[in-house]
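Residues per chain are reported as follows:
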Amino acid sequence: MTTFKKMNLLSLFYALIAYFPILLSSNVNRISRWTGINVSMVIIISNTLILIILLLGTAYIFHLTTKWLHHKKIRFFTSITWIPFFSILMLITALFLPFSMTIEAPNPVTSTIILICVMLYPIYILIVNGFIAMTQSSEQPLVDKVK
């Protein structure tokens, strides 16, 4: 697989890591209505799932990035290239799962939190890639120049 394809696949994974928590947090009322579970219990379950997704997703991205794009600076472009994938996923969701009832719509605070998280997400990606760069530079063997 070429480096370009690997970078785009990593960007898709980054977009999925951002997409599923947003989908869960914005559809709490809908999930509660569909399942019949209390809204507070749905919030607890969705927050737990969001934490699991972020932790496992970060570990998986860390593994794939070190495997595919080790020692390549192109991995820092994933902080920008996740945006088209994320936009497509959100567009597909808006087309196939529109908010038909006003009670299903998320409250303004949830929307504001989602907006702030999306704006800070590239910083998270840069931190993950910077951490990968730091760990890879410390793992390189020292070259003995004595001949």
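Residues numbered from 1 in each chain as written. Predicted model: local features only at pLDDT ≥ 70, side-chain atom pairs only at ≥ 80, totals over all residues. Heavy atoms only, no water.

Here we come to the nonpolar core. Within the largest apolar cluster, 20 residues are counted, with the highest numbers of intra-cluster contacts made by L10, Y14, I61, W82, F86 and Y121. Elements that contribute at least two residues to this core include exactly α1 (3-26), α3 (39-68), α4 (78-96) and α5 (108-139). In terms of residues, this core owes the most to one element, α1, which gives 8 residues. Apart from residues lying up to four places away in sequence, W82 is in contact with S11, Y14, A15, A18, V118, Y121, P122 and I125. (Core = buried A, V, L, I, M, F, W, Y, C linked by side-chain atoms within 4.5 Å. Buried < 20%, exposed > 50% of the residue type's maximum accessible area, 1.4 Å probe, protein only. Helix = DSSP H or I, 4+ residues; strand = E, 2+ residues; numbered from the N terminus. Contact = heavy atoms within 4.5 Å.)

Residues spaced three or four apart along an α-helix point in a common direction, a consequence of the helix completing one turn every 3.6 residues. If you check α4, its first and last C-alpha atoms are 27 Å apart, about what 19 residues at 1.5 Å a residue would give, namely 27 Å. T78, S79, T81, W82, F86, L89 and T93 are the residues of α4 that are buried. (Expected span 1.5 Å × (residues − 1).)

Take S11: it is sitting in helix α1. Judged by its relative accessible area of 0%, S11 is buried. Discounting chain neighbours no more than four positions away, the residues touching S11 are T78, T81, W82 and F85.

To continue, consider α3. An ideal rise of 1.5 Å per residue puts 44 Å on 30 residues; α3 measures up with 41 Å between its terminal C-alpha atoms. Within α3, the full set of buried residues consists of V42, S46, I50, G57, I61, L64, T65 and W68.

Once that is clear, we can look at the packing of helix α2 (residues 28-35) against α3. Closest axis-to-axis distance for the α2/α3 pair is 9 Å, and the angle between their directions is 120 degrees. Crossing of α2 against α3: the hand is right-handed. Facing V28, N29, I31 and S32 of α2, the residues of α3 in contact are V39, V42, I43 and S46. Taken together, the residues that form the contact of α2 with α3 break down as 5 nonpolar, 3 polar and no charged. (Axes fitted to C-alpha atoms, helices over the stretch in contact; angles between N-to-C directions. Left-handed = near helix turned anticlockwise from the far one by under 90°. Nonpolar A, V, L, I, M, F, W, Y, C, P; charged D, E, K, R; others polar.)

As a further point, take the UniProt feature "transmembrane region" (unreviewed entry) in the protein chain. Residues annotated by UniProt as "transmembrane region" (unreviewed entry) correspond here to residues 41-62, 74-97 and 109-132. With 100% helix and 0% strand, residues 109-132 has its two end C-alpha atoms placed 34 Å apart. (UniProt positions renumbered as here; feature names shortened; annotations may be inferred.)

As a further point, take the packing of α1 against α3. Relative orientation of the contacting elements α1 and α3 amounts to 175 degrees, with a least axis distance of 9 Å. With respect to α3, the axis of α1 lies roughly antiparallel. Of the residues in α3, those touching α1 at K6, L9, L10, F13, Y14, I17, F20, P21, L24 and S25 are S46, L49, I50, I53, L54, G57, T58, Y60, I61, L64, T65 and W68. Taken together, the residues that form the contact of α1 with α3 break down as 16 nonpolar, 5 polar and 1 charged. (Parallel < 35°, antiparallel > 145°, perpendicular 65-115°, else oblique.)

It is worth spelling out the environment of I17 at this point. Along the chain, the position of I17 falls in helix α1. Judged by relative accessible area, I17 falls into the buried class, the value being 7%. Separated by 60 residues in sequence, I17 and F77 have C-alpha atoms that sit 17 Å apart. The contact partners of I17, leaving out residues within four places of it in the chain, are I53, L54, G57, T58, I61 and Y121.

What follows deals with the pattern of salt bridges. Using the criterion set out here, one finds 2 salt bridges in the structure. The residue R30 makes a salt bridge to E104 at a minimum N-O spacing of 3.1 Å. Taken together, the residues span a long stretch of sequence, with R30 in helix α2 and E104 in the loop between α4 and α5 at a distance of 74 residues. Of the two residues, R30 and E104, neither departs from the other in class, the shared state being buried. Here E104 ties to R33 by a salt bridge, and the two come within 2.0 Å at their closest N and O atoms. Here the residue E104 occupies a position in the loop between α4 and α5, and R33 occupies one in helix α2, the gap between them amounting to 71 residues. For E104, a relative accessible area of 2% corresponds to the buried category. The exposure class of R33 is partly exposed, given its relative accessible area of 40%. Where salt bridges share partners, they join R30, R33 and E104 into one cluster. (Salt bridge = Lys/Arg side-chain N within 4 Å of Asp/Glu carboxyl O.)

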